[in-house]
Amino acid sequence: MDTASPEPLLSLEHAEKSFGAVRALADGDIALFPGEVHGLVGENGAGKSTLVKILAGVHRPDAGRLVLDGEEAIFDNAKQSQSAGIAIIFQEPTLFPDLTVAENIFVGMQPLKRFRRIDGRRMRREAAAVFQQLGVRLDPERLARGLSIADQQLVEIVKALTTNARVIVMDEPTAALTTTEVERLFGIVETLRARGNAVLFVSHRLEEIFAICQRVSVMRDGRHVLTKPIEELTTQSIIRAMVGRDMDALFPTTPSEPGAVVLKVDRLTREGVFTDVSFEVRGGEIVALAGLVGAGRTEVARAVFGIDRSDAGSVEIDGRRLPPGSPTAAMAAGIGLVPEDRRQQGLVMDFSIERNIALASLDTVRRAGLIPRGAERRFARDWALRLQLKYGKLTNPVWTLSGGNQQKAVLAKWLARKPTLLIVDEPTRGIDVGTKAEVHRLLSELASQGVAVLMISSELPEVLGMADRIIVLFEGRVMREFARAEASEEAIMHAATGIVEDAA
Amino acid sequence: MTTLAEDRKVVEQRRSSHVVAETLFRFRELGIVFALVVVVAATTIDNPNFLSASSIQNLLSGAAIIALLAIGETIVIVTRNVDLSIGSVLGISAYAVGVVYRDHPHVSMAVVFLVALGIGLACGIVNGAIVTIARVPSLVVTLGTLYIIRGIDGAWAGGNQVNASMLPESFNKIGYGTVAGIPYLGIIAIVAVGIATYAMRTFRTARDFYAIGSDPAAARLAGVPVGSRVFLAFVLSGGIAGLAGAFWLSYFGSVDAIAGVGYEFQVIAAVVVGGVAIFGGSGTVLGAALGALLLNTINSALVVVNVSSFWSQALAGGLLLAAIAFDRLIALRVAPALRTRRRTRG
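Cut-offs used in this document
- Residues numbered from 1 in each chain as written.
- Chains lettered and ligands numbered in written order.
- Predicted model: local features only at pLDDT ≥ 70, side-chain atom pairs only at ≥ 80, totals over all residues.
- Helix = DSSP H or I, 4+ residues; strand = E, 2+ residues; numbered from the N terminus.
- Rg over C-alpha atoms; globule rule 2.2 N^0.38 Å.
- Contact = placed C-beta atoms within 7 Å.
- Domains from an automatic or database assignment.
- Nonpolar A, V, L, I, M, F, W, Y, C, P; charged D, E, K, R; others polar.
- Pairing = 2+ DSSP bridges.
- Core = buried A, V, L, I, M, F, W, Y, C linked by C-beta atoms within 7 Å.
- Buried ≥ 20, exposed ≤ 12 C-beta atoms within 10 Å, placed from the backbone.
- Expected span 1.5 Å × (residues − 1).

(A) Spotlight on the overall build of chain A. Helix and strand counts for chain A come out as 18 helices and 22 strands. Over its C-alpha trace chain A gives a radius of gyration of 25 Å, about what one expects of a compact globule, namely 23 Å for 504 residues. For chain A, the C-alpha atoms occupy an extent of roughly 75 × 55 × 45 Å along the three principal directions. The long-range fraction of contacts in chain A, counting pairs at least 24 apart against all pairs at least 6 apart in sequence, stands at 67%.

Structure below.
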């Protein structure tokens, strides 16, 4: 049932976008047709969100063309994209909690009466009318504060409808919804499609794509890979297109005999975040936590380290139970955590390199309650040397380092504590290939020295190349566990997108 | 599908629960009025003269200037900014008006008010430009301009003073004149607060102020011109403070280099007591003006019942903390009422 007319409403051709040295989009390409729901899929970091933000007018592409109704268009800001008839529903709805629902819908476009005064009555009436059309019960006069995510999304959708948007982009709209809410959303998407709007539906969940899309585009590593009508695709072929790259032989394999169980996580639960997560990491073993963004990987790591308190279940190190919610106890027990966001969480950006490296080891450096600068520097120099950190002066602020060397500084900080368990969250995100290989070598050396390593990574080649075992999370639950030999990119993606397979 | 009647019933039930929540939010203004009544009643029992005509006139005139300043400050705070420079702007504007009259005794009143407005707008433009273009937090920017403007004022005025004898009678009369027993200044403040309260509800630009203060990032995504709106808020606040300088001079009759020192804090206290959220997004000009009236009434009441004026400051501080605690309490109480229950599709 190809209802598309030949002329796309909106298309993006060969768009490129870089942020500093990171190339988020190398070849973004998409064409949206009226009366069609277009699915956009790809792994984490494939460039989907960057593409959406270009359509939204939030980012300007470095190269490429945006074509609206057959004419080239340039959006400098969100307003221009809006007035061109494009409405974006972001994953995290962006409402104003202090304004009423009706005001949120009409912000900046309130109906006016004489003397440019806002016509509040008409505003409420129109909002109520759209709600009724969609079969939604929501009071336009209530404040937006306290609305559920699903209702907030509805408000965003109604906002899109009242601006007479012709192109509606939904960036992972179902991520935070319950099943009934997803059904309601699908009903609305279908209504939009039937009215002749073009809908771009970005999602990780392939069942959803098959449920509502007429056409699918796949992106990988910032590039457009394929676009096909849904009838010509299967789950298999989409997943193959999403991951389909050669395994690079970048990964050092230092075989090591797994030792005793170092970390034992038993039925760990944090309500609404992750549920009933159990796994073990042995000394000398690298275990990867895989899954999509939002599957709860980082949250599990934070709970193990005690940053967030768990509601149920236990964490044991070397057979001793850790008190929940205490990073101090976790550190004393020998856990190190290299966080996902090194600028915000891993380093104190304005501190010098030496102070950052010594920061977690002040107990060792301290003499009579004071921290001698000389001792601190010797300590930092020693570790900088071991990790081959490239720096100007140790007294320079740590932000002067490149991304890869910043990451090494974080690693140095934790390695200096001689951890028995090292948790690394996205250890190679945003760093160059050379340093990446060094970080990989370092991790596998650590494992061979008997350290237990728990690695979170969104890069499947990294997961497959480094890990001895792989635990896949989906929506806060352990979906599957793979040994190195039985894992493949396809199998991991299947588990990560929630597709249950029969055990072969 | 449920029937329309059932739909309506559900909506109405829901609305009634919101009415409770919303009344609690608006309770603030009622609460201030209530506090005002209590203060006035208690003081009057102690000293019946507190309700005399002249005493009420004094209360209104005294609160009028703070209430005027509170209009501008409310606009700025609603956008999640703050303007600390208003006391200095008022001071330099008042002195400028005095100097104009001293040197040109026969100048028309319109010119004088234009001078006051112009000085205020200029200061507001400087504040707004630094905050929006250089993207420096307004707390720091206006703290800086507070001292700079006061410094210029001090250098200009030196030890000089302009007093009532150098001002024309028509001008002085603004400060003490009454219509039907109500002081001019009180009428001016009431009219201004009324207009501002209405405007803040009714114009797109004003609703943009609330949107910006509620969530600046979302405002940008929604296409609200955040920079120019914040700039406008500072210009309005500056302009109002400039005009307030002229009124201040007409009320006090003499001006030197320290006119209006510390006013910014009285005004911010009034605004916060009046229910304007210090982090922006909610609150009304009416509430802020009532806050000004309440604080001023408490001041006067303490004088009447012979309590040292030091205590009145402590009490104002206590009231401020109580207002913030009240906000927090309401927020916690109201949150569950505002949370929607999960619904299935109708």
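(B) Spotlight on the domain arrangement of chain A. Residue and element names in this part refer to chain A. Taken domain by domain, chain A comprises domain 1 (10-95 + 147-243), domain 2 (248-334 + 419-504) and domain 3 (347-417). Each partner contributes to the interface: domain 1 provides 12 residues, whereas domain 2 provides 13 residues. Sorting elements by how many residues they give to the side of domain 1 that touches domain 2 places helix 8 (residues 235-243) first, with 5 residues. Class assignment for the residues of the side of domain 1 that touches domain 2 results in 6 nonpolar, 4 polar and 2 charged.

(C) A look at the sheet that holds strand 17 (residues 320-321) of chain A. All names here are of chain A. An order of 14-13-16-17 is seen for the 4 strands of this open sheet, with the pairing classed as antiparallel. At either margin of the open sheet sits one strand with a lone partner, and together these are strand 14 (274-282) and strand 17. Here 5 bridges tie strand 13 (residues 261-270) to strand 16 (residues 312-317), and the two strands are oriented antiparallel to one another. By the bridge assignment for strand 16, Asp266 is matched with Ser314.

(D) Structural context of the nonpolar core. If you look at the biggest cluster of nonpolar residues, it comprises 243 residues, and the most contacted ones within it are Ile423, Val453 and Leu454 of chain A together with Ala67, Leu69 and Ala70 of chain B. When residues of this core are assigned to their parent elements, the largest contribution, 15 residues, is made by helix 2 (residues 53-78) of chain B. Apart from residues lying up to four places away in sequence, Val453 of chain A is in contact with Ile286, Leu422, Val424, Leu443, Leu446 and Ala447 of chain A.

(E) Examining helix 10 (residues 226-252) of chain B more closely. All names here are of chain B. The first and last C-alpha atoms of helix 10 sit 38 Å apart over 27 residues, in line with the 39 Å expected at 1.5 Å per residue. In terms of burial, helix 10 is a largely internal element, 21 of the 27 residues being buried. Directly after helix 10, the chain includes Gly253, whose backbone phi takes a positive value near 80°.

(F) Examining the pairing of strand 16 of chain A more closely. Residue and element names in this part refer to chain A. Alignment of strand 16 against strand 17, held across 2 bridges, turns out to be antiparallel. Within strand 17, the residue paired with Ile317 across the bridge is Arg320. Taken together, strand 16 and the strand that follows it, strand 17, pair antiparallel across an intervening segment of 2 residues, in which Asp318 is found at a positive phi of about 50°.

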